[in-house]
Amino acid sequence: MKYTNTELEEKANSLLNNVLLEVFAQNNKIIGKHPSKLSHEIGIDYFYEIRDRTTGESLNVVFNQNKGTEKINIIKGKSYPEAGNISFQLKLRHAKYFLNELNKPIFFTVCDLKLMKVYWYWIQLDNSIKERIEAQLKTNKRTLQIFIPITNELNLKNFDKFYMELEKSDRIQTHKFLKSKLSSDEEYDFKDLENPEINIIDKILKSIKKFDGLTIIPKHVISRMYPFKGTKNKTYFYNETLYTDNSEFYDLFEALERKNNTITVKKEFRDNISISNFENELKEIIDFLKSNLIQHFKWNGKGYKDRICIHALYDYSNTCDCERCNYNKLNFKYATDLLKNRKQNDTSIIKFRQAYTYYLLGDLKNAYLLYKEVIHETKNKDNSILNILCKYNLINLKNLIKNHYFESDRHQILIELKKINFVYDEILIEHNYYKHVFDWIKENQFINNSIWEIDRQFTEIQNHHRKDKNGGYFRGQQANNLKFEFLRVSFFIEYNLIIYDVFNEFQILVHKSLESMFALYNIYNPDSTKYDKFEFTFLYNWLMHGDSTKVNRLLLKYDINQIELNDELLVFNRFNDNLDNLILSIKRINENKENYLFRDKVKNIIQNFAYILSRIKMRKTKLNLLLKKYISLIVLLKDDYLVSLIKFETLFHYRSDINLTNTKNILKLLSEYELFDTHSYNKGFDYYLSIQNFEKKDNRLVNIFSKIGTSLNEETIENDFFSNFSKYQNVLEVPELKEEIIKVVKKAAIKRLEDNFDSKYYYRLSIYDI
Ligand SMILES: [Zn+2]
């Protein structure tokens, strides 16, 4: 008997759907299938919607083309480069469509109907496809052979790989799609500002203010905004430099300088340019340039003009003391106090910032209430960007509330939140600048583009890492590009107060950029020392957003033993402040033990601190001061579970400059929680012994124990020795101490065994010849 083609197709489809249903269900996801109407035109059989099993949140949409066969065609012959793969034939025009026009991921599957196995392949991730399509086109072929690795069997074991590829494919296609969309040539209508009566400073500020509430404006938008923009095609960004040919704009900044902390006009320009009455506006503009990472202007018009160093105008004395800035400095207490004393007449923008801080502190309900207020206040304003930002944040807040908020009004809030969407905003869009920003936020382009870009750079760095060749230029440039790409997206999220950092993608981004930095750091290159140092921003993002366990894995993978700092004093000052602020906030932290969102964040920060302190290069006194505060913080938190999580051993492993007091305090802390049989304690004890001088006479056992906080005398030591044997294993490794201990416990131990024989105890004693 032979199955018909239709029967084979049906068998293959039901096999695929069963396997998909199972592997997604086991991974807490739901995959819903929809037959595609376009099947014959473009070769897509199904599209699938993937949702989170718990929250119902829609995660992705993917397409599929499936094929079943009773005999899998595996390529044989060792000399053949594709040997071991499954060969699969595809229509050339379909391949072209999938690669260039489809904005969603697509995977192919081949079903082995004899062994009931499914193999997958993501065409958009195949780097050789583009060239091969072109080759086929040249020779007028209509089909394309693709090769599916036999290792890509779709099953539970391989699910993580499959899903990772799905997400990567999604990012690549989204990026391609957006790039083609954004390159469309649309001019912004800023005619109202092109009036010669308006002062240039006013023009710039009014231009920025069209984006109410948006502090960081995407680069592709800024370069189209008058007066940043001169004529078409002459204004663009290259990394941190803005090229423009608007002379009115350029001449203003050319004339400015910062002297004694104020911006003034250089002498030679004073006849033409005046900034009096515009000092505050100018300050606002320079802050805007700073947070948008615009460091230089270059003249792109007729004639020659020097490059302008905008960063020389920046004001670094940030003295903002608002609730959000306090949160960033880890002063949770003051941030909370400020929120308690909100004023009724605060502007929408301030309320928006306060709502964000509530969210940061894990107070989802108050965040929700304030965002709702702001939405209400801005709803009648046409094309309000603040309104979009609020909606965006509320949509993300909805998922947080679903997972973390269980008060009695939970249901009511979720019903309200369900009503929030962008449908009407999309219909009502009038200005193309608004549309650009709207899409940028709504479609998560800010993060997708950055992940794509950092991915690309990471691959390049890794290739280099493998080869270990060392072009200094390559490395310096790479580090610089990476830095700006990463900063841009983290500033976008941070300054625009976008609720995003809880999402997986942002963590991925932080990890990717840290991994890239570690890989760069580790490339041996005697010629280049310029980028061997870490900037505070990376450490800060690691502290706040890095998953401590995962970052530790990266540290080990790239063999990072010590981290040189770009600005040691800055790092010390900031971490010193952070630790002081955490200590100030102890009460607030302990009161919020039930708030898991906040509590886990704090725990992660504290764990990250241990890893950071174990590696940064810093003067001994400064480092020990930070450690001292770190230890007091942990003592005050009184959280035994947290203490057991912190990897103190990493401190003792990588440092040799921890002072005696800090060492003793760590050991004391660990012994108070009875964490004797741990890496932390063992490493700490070894370290403690290594910095002691045993030639001295005061090395009596009791003395040693009193130093590490265990109050024992000669009588009680044996008792403790019997019941907490593992605690003493370290001591027994050191011959001098072993002798001491034998002296003290021997008699009592023999008596104990005579009175009541304990085979385990006897065995332990005999191992150590006692
Ligand atoms: Zn502030």
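Up top is the structure.
Summary of the structure given here. (Residues numbered from 1 in each chain as written. Predicted model: local features only at pLDDT ≥ 70, side-chain atom pairs only at ≥ 80, totals over all residues. Heavy atoms only, no water.)

Some remarks on the coordination of the zinc ion
For the record, the criterion: Counted as coordinating are nitrogen, oxygen and sulfur atoms within 2.8 Å of the metal, or 3.2 Å for Na, K and Ca, while water is not included, which may make sites look incomplete. Relative accessibility thresholds used throughout: buried, under 20% of the residue-type maximum; exposed, over 50%; partly exposed, between the two (1.4 Å probe, protein chains only).
In this structure, Cys 320 (SG), Cys 322 (SG) and Cys 325 (SG) serve as the protein donors to the zinc ion, at separations of 2.1 to 2.3 Å. One chain supplies every donor to the zinc ion, and in sequence these donors are spaced C-x1-C-x2-C. Residue class for Cys 322 comes out buried when judged on its relative accessible area of 11%.

Some thoughts on the packing of aromatic side chains
The condition is simple: Any Phe, Tyr or Trp ring, taking Trp's six-membered ring, that has another such ring centre within 6.5 Å forms a pair; planes under 30 degrees apart are called stacked, those over 60 apart edge-to-face, and the others tilted. Counting from the N terminus, the helices are the DSSP runs of H or I reaching at least four residues and the strands are the DSSP runs of E reaching at least two. Lysine NZ or arginine CZ positioned within 6 Å of the ring centre and within 35 degrees of the ring normal marks a charge as sitting over the ring.
As enumerated under the stated definition, the model contains 41 aromatic pairs in all. For the pair Phe 24 and Phe 162, a centre-to-centre distance of 6.4 Å together with 85° between the ring planes defines the contact as edge-to-face. You can see Phe 24 sitting in helix α1 (residues 5-26) and its partner Phe 162 sitting in helix α5 (residues 159-182), a full 138 residues away along the chain. Across the pair, exposure class does not vary: Phe 24 and Phe 162 are buried alike. Taken together through their ring pairs, the aromatic side chains of Phe 24, Tyr 48, Phe 107, Trp 120, Trp 122, Phe 159, Phe 162 and Tyr 163 make up a single cluster. Its end group placed over the ring of Phe 88, Lys 67 keeps NZ or CZ at 5.0 Å from the ring centre. Above the plane of the ring of Tyr 359 lies Lys 601, whose end atom (NZ or CZ) is 5.6 Å from the centre.

Some points on empty space enclosed by the protein
Short version of the rule: Cavity means a closed set of points on a 1 Å grid over the protein atoms alone, one where a 1.4 Å probe fits but cannot get out, pocket means an open set with protein on both sides within 12 Å along at least 5 of 7 lines, and lining means a residue has an atom within 4 Å of a point. Grid points are joined across faces, edges and corners, and a volume is the space filled by probe spheres set on the points. The residue classification treats Ala, Val, Leu, Ile, Met, Phe, Trp, Tyr, Cys and Pro as nonpolar and Asp, Glu, Lys and Arg as charged. All others, Gly included, are polar.
Per the stated rule, a full pass over the model turns up one cavity of 30 Å³ or more. The volume enclosed by the largest cavity comes to roughly 80 Å³. Every residue along the wall of the largest cavity is listed here: Ile 589, Asn 590, Lys 593, Arg 599, Val 602, Lys 603, Ile 606, Leu 637, Asp 639 and Leu 642. Within the residue set of the lining of the largest cavity, elements represented by two or more residues are α24 (586-591) and α25 (596-615). Here the element with the most residues in the lining of the largest cavity is α25; it accounts for four residues. Class assignment for the residues of the lining of the largest cavity results in five nonpolar, one polar and four charged.

Focus: unusual backbone geometry
Following Tyr 226, the chain continues to Pro 227 via a peptide bond in cis, the omega torsion being 5°. Position of Pro 227 relative to the elements: it lies in the loop between α7 (219-222) and β8 (236-238). For Met 116, which is not a glycine, the phi torsion comes out positive at approximately 55°. In this structure, Met 116 sits in the loop between β5 (106-112) and β6 (117-122).

Focus on the nonpolar core
Let me state the cut-off plainly: Only buried residues count toward a nonpolar core. Its members are Ala, Val, Leu, Ile, Met, Phe, Trp, Tyr and Cys residues joined through side-chain atoms within 4.5 Å. Here the limits of each domain have been adopted from an automatic or database domain assignment. Every residue pair with non-hydrogen atoms within 4.5 Å of one another is taken to be in contact.
Phe 253, Leu 397 and Phe 518 are the most contacted members of the largest nonpolar core, which has 174 residues in total. Structurally, this core is a two-domain feature, drawing no fewer than three residues from each of domain 2 (191-313) and domain 3 (323-431). Residues contacting Phe 518, with those up to four places away along its chain left out, are Phe 534, Trp 542, Val 551, Leu 554, Leu 555, Tyr 558, Ile 560 and Ile 563. Ile 31, Tyr 48, Phe 107 and Leu 166 belong to the second largest nonpolar core, which has 24 residues in total.

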